[in-house]
Each structure stands twice: as structure tokens, then as C-alpha cells.
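For reference, the chains in residue letters:
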Amino acid sequence: MEYALFIGCNIPARVPQYETSARAVLARCKVDVVDFPLFNCCGYPMRNADRDAWLLSAAKNLALAEANELEMLVLCKCCFGGLVHARRALLEDADALARINRQLAELGLSYTGKYAIRHLFTVLRDWVGEATLKKLITAPLTGVKIAAHTGCHALRPSRITQFDDPLAPKLMDGLLALAGAEPLDWQEKLACCGAPQLGINDDLARSAMTRKVKGAKAAGADFLATGCPYCQLQFDVVQTQAVQGNGSKPLPSLVLPQVLALAMGADVAEAGLSLHNVPAEGLLSFRK
């Protein structure tokens, strides 16, 4: 299997452990990825401001992958949601597709929508498969209780993203169980992390994050596991800021590929385990 790897903007700039651990997992699964230095922003930040700017930004990335006859493998949930939405919008609006293709032609590109967009987690579940993943788990994280936080952008609207059940997501739980961990069923599992309000209403953003963390702790979680870099920043960076001076103990949060990488025998550097504001090295004590 070979995919065009799309890591987005936020991961290399602020959550490099997502990319590091994802590459470690993909290499062990023998999933080949191709890096395209000409990839640009997924376009999502412009989606509600300038529709054509969003579509053109997304379409350039998609057209590059298509020109190389590759499906795209996306790490960031926000990028995944934005790209999938853009693909659907272009395929359902012939005028928009023609307009965008006229602009892509100036770059020697065109887009038809021939190739699918995959998220890392669905590639692991559907294309690598449970049997192969089980064989690769050499250091299971036995006894660790993890509260999975899927994030919003890949779940809704489910008719477009087709990622997981938006009311009862289980994809991350299944991957955590394969790693030997105990995924928790917790009350705040579907609640927003608060990231969309950060910089707009910081008090609301922090309160949403705090509610999530309290809920995970109440369910007995040793760690949080996220699938979205924005959510990870909430639980790692913003949580650190929120607990300063109030005496409470933060709950460590990792991105899911870190958990899988560790269970596959990756070392601290490969898993990016030291790149956290809330120390997460305690996960090593569960590894068998």
C-alpha cells in the first residue's frame, strides 16, 4: 500500500509527536507514504470566509495526489474533514469544479475526484487490519486505562466523512484495545474539547477542556488519547496553563499513534513521548 501523506500545518509546527509516532506505526505496518513538499494548507480556515479559496487550496493538494495516482492519507482530523468536504463539494457542483480546474490549470494540474481520502485510523483498521496489527503488538500496554477523545471534524456530518458512528464512536477504542489498553466508556466522551473557542472566549475553552479532563479522571483514566492535534493542544498545553497555581494534577494526554507505536516496541524518541507539557512517560510503566 502506498499513499500520499498529508500532515497539515499544525502537526509539524506544534504537535510533532503525531507525525513521528504515525510514521513509526506506518513503517511497522509496511504502509508506504510519499511526501509532497508542494502540499499547502488544506483550506479549512477559509471554508466559512471564502468558499473558492477553500476549494482551491484543498483541490491543489488533492490534484497533486491524483496526478501521482495516489490516495491521500491524512493525519489531522480537521484537515481530513476539510478535504473530504471539499471533495464532495467539487463533485456535486460542476460549475465550481470547472472554475477551480481553470485555476489549477495554471499550475499544470487538474482534479477529477478519482481517488479517495483516508484517515490514518481507518487505514489501520480497514487496510492494515486487526490480524496484522495484533502480530505487531510486541509490548502491550496491559492494565492502562485510557479515555479516547475522537474529536469533532471526522465524525460530523457522518454521511460525508464516513469515519465512525457519530453518536457512539468505537474506532479509537478498538485500536486502543489492540494495543493492550483498556478503553473507557465515559460520560464526556462526545463533548467538545473547547479548542474552537480558544482565542475567542478563552474562559469557555478552558472550562470545556476542564470538564473533559474531570470526566476522564472520574472514569478512572490513567491517560487521555486524542485523534486531533487541536484537541491534543487543549489537553496538553491549555490544561497545563489551567492547572497552574490551583494545585490540581493534570491528566497526561497522548495522540493515539503514540500509544500504538509504544505497544509496537517503539522507543521514546520514535513515539515522541518527551514532547509533552504534561509528562506522559508514565505510560512506559505499563508496557510489557
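Just so we're clear, the structure is a prediction, and the values are computed from it rather than from any experiment. (Residues numbered from 1 in each chain as written. Predicted model: local features only at pLDDT ≥ 70, side-chain atom pairs only at ≥ 80, totals over all residues. Heavy atoms only, no water.)

### Thoughts on the pattern of salt bridges
Two side chains of opposite charge can pair, provided their charged atoms sit close to one another.
Here comes step 1: For the coordinates displayed, the defined rule picks out 10 salt bridges.
Here comes step 2: Through salt bridges with shared partners, a single network forms among E19, R23 and D35. (Salt bridge = Lys/Arg side-chain N within 4 Å of Asp/Glu carboxyl O.)

### Things to note about the layout of surface pockets
Here comes step 1: Of the pockets and cavities examined, the largest pocket occupies roughly 490 Å³.
Here comes step 2: Lining the largest pocket are 23 residues, and of these Y44, C78, H153, A195 and Y230 sit closest to its centre.
Here comes step 3: Put simply, the parts of the chain that give the lining of the largest pocket at least two residues each are α1 (10-14), α4 (77-92) and α11 (229-243).
Here comes step 4: Ranked by the residues each element gives to the lining of the largest pocket, the list is headed by α11, at 5 residues.
Here comes step 5: Taken together, the residues of the lining of the largest pocket break down into 19 nonpolar, 3 polar and 1 charged. (1 Å grid on protein atoms, 1.4 Å probe; cavity = no way out; pocket = protein on both sides within 12 Å on 5 of 7 lines; lining within 4 Å. Points joined across faces, edges and corners; volume = space filled by probe spheres on them. Helix = DSSP H or I, 4+ residues; strand = E, 2+ residues; numbered from the N terminus. Nonpolar A, V, L, I, M, F, W, Y, C, P; charged D, E, K, R; others polar.)

### Observations regarding unusual backbone geometry
Here comes step 1: For the peptide bond that leads from R156 to P157, omega is -10°, which places it in the cis range.
Here comes step 2: Tracing the chain through its elements places P157 in the loop between β5 (145-149) and α8 (158-161).
Here comes step 3: The backbone of K30 sits at a positive phi, close to 60°, despite the residue not being glycine.
Here comes step 4: Looking at the secondary structure, you find K30 in the loop between α2 (16-28) and β2 (32-35).
Here comes step 5: Phi is positive for Q162, which is not a glycine, with a value near 50°.
Here comes step 6: One can find Q162 in the loop between α8 and α9 (171-178).
Here comes step 7: The class of Q162 is exposed, set by a relative accessible area of 63%. (Buried < 20%, exposed > 50% of the residue type's maximum accessible area, 1.4 Å probe, protein only.)

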